Amino acid sequence: MSWTQWFIFLLVIQIIHGLGTWKLYIKAGRKAWEAFVPIYNAVILLKIISRPWWWVILMFLPIVNLIMIPAVWVETARAFGKDTKIDALLCIVTLGFYLYYLNYATDVNYIENRKLTPKTSAGEWITSILFAIVAATIVHTYFFQPFVIPSSSLEKSLLVGDFLIVSKLHYGPRVPMTTVGAPMVHDTIPKLNTKSYLFDDNFEDRNTSWKNKLQLPYFRLPGFESIERNDIVVFNQPADTLLRMDKFDPDRNYYKPIDKKTNLVKRCVGVAGDTLEIRDGYVFINGEQNKLPPRAHIQFSYDIVFKRQLQPFRIIEILKKYDITDGLGYGTVEGSYRIPAATAEAISKLKSHPEVASITAIKTPAGVDGEIFPRDPNYKWNVDNFGPMWIPKAGATVQLHTDNIAIYKRAISEYEGHSVVTRGNQIFIDDQPATSYTFKQDYYWMMGDNRHNSIDSRYWGFVPYNHVFGKPVFIWMSIDGINEGIKNWRPRWDRIFTTVSGSGERTSYLIPFIVLVLGITFFNKWRKKKKEKES
């Protein structure tokens, strides 16, 4: 839905509200017209039901309002003497239209100084739980969100089993586009295996299948930091609509709202306006090799030949000695053992091991087609040799021709909403001949440090700014063996309560945190005892 459609929709809602409550406003000593004025009618209603004015803000926050608006319906009925469980249920199941019954068919009286607290302990529990959910949803949606590292694409920087706190504030909180959904649940409700949001099963029309389901246009609140080169970024995967992430298929079979696409975490190696190139696995930006921060470690695949046949457990034992841990047990390839991921430093040390005969780096030569982005025969690019290619920038114009349209077609069509067609040597955008295009938003190039074990921008291209939702700032828990069953879980104590970014050795703040919590706890107990003695 566009902003105009939303304005009309909200205007209709205000009329429905006014028609269903104007008599109740009068009985509460207000004017009938006050029930029809947008926003103002909500402020007045909160005065009538003796609730704080800031509830208005909660009533307009997407997802949060799914809890707050029904709560206001129930409170309105209670303000006019209808405070039984049946009344509350009727308010909810009729989507608030129970107030029409109170407004027109009953002779209710306004209770001015009613008791606000629930009559039963069960009611108190329900109220506490609802407002705890509201508070958690606000924090989760607009401030900080937990995230767990599921794969080894950023191995050595972030490990599988790292539990992160992702800040929405750094790049600016993105207002949820999906307005009807379960709080704090992403794509699917656990155990129920059903979508967590209002969803259209019609996949045939990719432009309207989900957009008509009360979707808000993209909007982001101001942040205090821009995405910088080499930042680790959490974003919604642009190609989440693909049948397989590593097999591009332009015929989409599945469409999701942007904010419901799969969450990924990668390193931003190229920002808007950069010219990016990959040479032998290393990223070059504007002709110069990209320098990663101290905690980042690039890894490549290697084939290792041992001087004699070794048992698998012995090979793994040797590799772990040199901090080669990702993908062990991968297997042999024509007599050699394939190491999916290792740093150059680790390989340099491993070469001196008495059991090692030789080590060969596995890289694809330049000019060999790797069947990756942009999936065009004119570009024989692969994961190790790619580009050069310009990354689109908001407000910047690119000259289009049949040689480069394959690079920018997906951005112009999928992310900027235009129809792009090539007919012979001519390019048409929205059925008009085009020789250039000015981009509406910034784009980024996201990659994993684990170069040969990361499905990233090399496979599905640019990441639009509207897909970005946060910056990982803190590791609050880290568990080794998290995918091996709870019996095999081992806390990584040196990573718990550490920062994601930073220079030098990683420092854990777990002990200071525990000391702080204990200090606050004992101080509160001491202060409570002191007040009891004074009274």
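Residues numbered from 1 in each chain as written. Predicted model: local features only at pLDDT ≥ 70, side-chain atom pairs only at ≥ 80, totals over all residues. Heavy atoms only, no water.

Draft legend 1. Structural detail: the sheet that holds strand 14 (residues 386-390). The 4 strands are arranged 9-8-7-14 in an open sheet whose pairing can be described as antiparallel. Each edge of the open sheet carries a strand with a single partner, namely strand 9 (288-289) and strand 14. For strand 7 (residues 275-279) and strand 14, the ladder comprises 3 bridges, and the chain directions are antiparallel. Along strand 14, the bridge assignment pairs Ile-278 with Phe-386. (Pairing = 2+ DSSP bridges. Helix = DSSP H or I, 4+ residues; strand = E, 2+ residues; numbered from the N terminus.)

Draft legend 2. Up close: the sheet that holds strand 18 (residues 432-433). Taken in spatial order, the 3 strands make up an open sheet running 16-17-18, and their pairing is antiparallel. Either end of the sheet is taken by a strand with one partner, and the two such strands are strand 16 (420-423) and strand 18. Across 4 bridges, strand 16 lies against strand 17 (residues 426-429) in antiparallel orientation. Across the sheet, residue Arg-423 finds its bridge partner in strand 17, namely Gln-426. Strands in contact with helix 10 (residues 405-415) are strand 16 and strand 17; relative to strand 16, the strand with the most contacts, it is inclined by about 145°. (Contact = heavy atoms within 4.5 Å. Axes fitted to C-alpha atoms, helices over the stretch in contact; angles between N-to-C directions.)

Draft legend 3. View of helix 4 (residues 65-79). The first and last C-alpha atoms of helix 4 sit 20 Å apart over 15 residues, in line with the 21 Å expected at 1.5 Å per residue. Of all 15 residues making up helix 4, 13 are buried, and the element is well covered by its neighbours. Just downstream of helix 4, Gly-81 is the residue with a positive phi angle, here 85°. (Expected span 1.5 Å × (residues − 1). Buried < 20%, exposed > 50% of the residue type's maximum accessible area, 1.4 Å probe, protein only.)

Draft legend 4. Highlighting the packing of aromatic side chains. Going through the model one piece at a time under the given rule, you end up with 28 aromatic pairs. Pairing Trp-381 with Phe-386 gives two aromatic rings, centres 4.5 Å apart and planes at 50°, and the pair type is tilted. Here Trp-381 and Phe-386 have matching classes, each one buried. An aromatic cluster is built from Phe-373, Tyr-379, Trp-381, Phe-386, Trp-390, Tyr-408, Tyr-415, Tyr-437, Phe-439, Tyr-443, Trp-445 and Phe-462, whose rings are joined through pairwise contacts. Cation over ring: Arg-220 sits above Tyr-465, and NZ or CZ is 4.4 Å from the ring centre. Across the ring face of Phe-300, the terminal group of Lys-363 is positioned such that the distance to the ring centre comes to 3.9 Å. (Phe/Tyr/Trp six-rings, centres within 6.5 Å; stacked < 30°, edge-to-face > 60°. Lys NZ or Arg CZ within 6 Å of the ring centre and 35° of its normal.)

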